[in-house]
Amino acid sequence: MSAAIAALASYGSDSEPESDNEARTDADPNATVHLRPPAAGGNMKLVLNSAPDVAVKEDVETGLHLDPSVKEVMYNPNFETMFSPEFGPINPFKTQQMAAHRNMLSGYAEPAHVSDFMFEQQRRTFSTFGYALDPSIDNSEPVSTTYIGAIEKAEKNKGLTVFETATKKTEKRRKIKGGDASDIDGFLGPWAKYIDEKEVAKPSEEEQKELDEINAKRQKRGKHEEDAPADEKTILHVKEMYDYQGRSYLHIPQDVGVNLRSSNVPEKCYLPKKQIHIWSGHTKGVSAIRLFPVSGHLLLSCSMDCKIKLWEVYNERRCLRTFVGHSKAVRDICFNNAGTQFLSAAYDRYLKLWDTETGQCISRFTNRKVPYCVKFNPDEDKQNLLVAGMSDKKIVQWDIRSGEVVQEYDRHLGAVNTITFVDENRRFVSTSDDKSLRVWEWDIPVDFKYIAEPSMHSMPAVTLSPNGKWLACQSMDNQILIFGAQNRFRLNKKKIFKGHMVAGYACQVDFSPDMSYVVSGDADGKLNIWDWKTTKLYHRIKAHDKVCISALWHPHETSKVITCGWDGQIKLWD
């Protein structure tokens, strides 16, 4: 066996040259030690090292590592450091999109060498014509023109941009030859007419039709202003106009549990909680409601269905009478002091004076403009005078006896929305679309106080408090502002009522008789009730499906509130 191993160790080719064999014999004797048999009686020990070759950390790491997220390097790195691969394990939870290289928040934007002008030119061309040069191709070479967007249009326009206009060679209109300059009478020169010039312009058949229609409309409009007022009539809805004692419905009832004749107000008022009655009869939205003066036992309402209705507030709460006489929506109504007559203002440009008891129309007034609000002078000796705020920026004063305009207050810069008498009826306050508030002395056509701040909004609804000290103005920035009503007319900045949405609607505000609450409707049909002292929004009731345009607190009741809305209903809450 040992002979075989020795033969294998000395294995060689006979064909190889001698020098090779010599070289082999000179090789390291330890190279074949594992093939030889162990020497007899020898103490040779073999050590087996099974550990793999591992590169030491210091051998692998070359220089410092750069964090790829860092934007600033505080030393001078070499090329290998800058472009070495990222160190450490890859985050396995990153999506492909998250792991992708990005140089801006939304991803990677390739740098494009486009001048600002070129970019703007292509952007405008794309927004105007719908095509632009393809930004991904280098378009600096004139041959390559690839478009994106409306390619057909680009080919049709030959790739014109917004800053280039197609050169159109239009033939010049020829003029008649001017003749000889020496011929003074016959020389036309630069004043010669064009060859194809027409001297008489006649409309074509289609244009003539259009012109005829326009003229017919204009004539109709002219006639429309001359319209006669609508015929007045009245409908009584109760069987008997007078009771067994000969009293009409104007008689104040004494069997309702409240003394309606007294001038005393309730000591303490409470929040209304629930609906106790609905007066329905109007077919369109109700625009205003007014209670009978002093007693409040009757309710007058005017509506966009051109009708005015009178209702009972107590007992059976019937509809007593309907007044028909306006051809368009009725905007405002106002009782006189006794309640025997009332005024109505409508969009048919007429103001009408009605008898509350008989339903007759006593007289009518117009100045061909739309009246937006109307008021009797509350003084007992001036009950024959009325003022109306008009759409032509004027406040017009009529005398009922003569039917003539006796005064015009013309200082506002917009349509007049409200008129409110203050200071024992010696003065009145008006508000307008010009966002101002003006105070006038009675019968003096120059405002002695003008309130307008840049921050102010239009105030289309104003109410005087029961004690006569404050004016509550519904402002179009969803606030109720309070102005002093006695001398300074200063805005009370501590009393601003917020929390409702009224922008665009003239929602009427009212006070509780004891001055403890402020009530107002809003655009969502809700009835809002605030505490006067703290200006906190105490209570909110969903009263109507559409806008709740007016809310009145009954002057003799502790918690009865009447609301009306554009859903055509009038509701009583308690």
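As a reminder, the structure under discussion sits directly above these lines.
Remember, it's a predicted structure, so these values are computed and weren't measured experimentally.

Examining the side chain of Asp399
Within the element layout of this structure, Asp399 appears in strand S15 (residues 395-399). Residue class for Asp399 comes out buried when judged on its relative accessible area of 11%. Of note is the side chain of Asp399, whose polar atom sits 3.2 Å from the side chain of Asn384. Setting aside anything within four residues of it in sequence, one finds Asp399 in contact with Phe365, Asn384, Leu385, Glu404 and Val406.

Remarks on the nonpolar core
If you look at the biggest cluster of nonpolar residues, it comprises 21 residues, and the most contacted ones within it are Trp279, Ile289, Leu299, Ile562 and Ile570. Sorting the residues of this core by element identifies strand S5 (286-291), strand S29 (548-553), strand S30 (561-565) and strand S31 (569-573) as the ones contributing at least two each. The dominant element in this core, judged by the number of residues it contributes, is S5, at 3 residues. Other than its neighbours up to four places away in sequence, Leu299 contacts Trp279, Ile289, Arg290, Leu291, Lys309, Leu310, Trp311, Val313, Ile562 and Ile570. Judged by nonpolar contacts, the second largest core, of 19 residues, contains Leu250, Val330, Ile333 and Phe342.

Thoughts on the sheet that holds S29
Read across the open sheet, the 4 strands follow the order S4-S31-S30-S29; overall the sheet is antiparallel. With one partner strand each, in any of the chains shown, strand S4 (275-280) and S29 form the two edges of the open sheet. Neighbour-to-neighbour, the strand axes of the sheet open up by a mean angle of 20 degrees, direction not taken into account. As defined by bridge partners, S4 adjoins S31 across 5 bridges and the pair is classed as antiparallel. Looking at the pairing, Ile278 lines up with Lys571 of S31.

Conventions used here
Residues numbered from 1 in each chain as written. Predicted model: local features only at pLDDT ≥ 70, side-chain atom pairs only at ≥ 80, totals over all residues. Heavy atoms only, no water. Helix = DSSP H or I, 4+ residues; strand = E, 2+ residues; numbered from the N terminus. Buried < 20%, exposed > 50% of the residue type's maximum accessible area, 1.4 Å probe, protein only. Polar contact = N/O pair within 3.5 Å; in protein donor to acceptor, adjacent residues only side chain to side chain. Contact = heavy atoms within 4.5 Å. Core = buried A, V, L, I, M, F, W, Y, C linked by side-chain atoms within 4.5 Å. Pairing = 2+ DSSP bridges. Axes fitted to C-alpha atoms, helices over the stretch in contact; angles between N-to-C directions.

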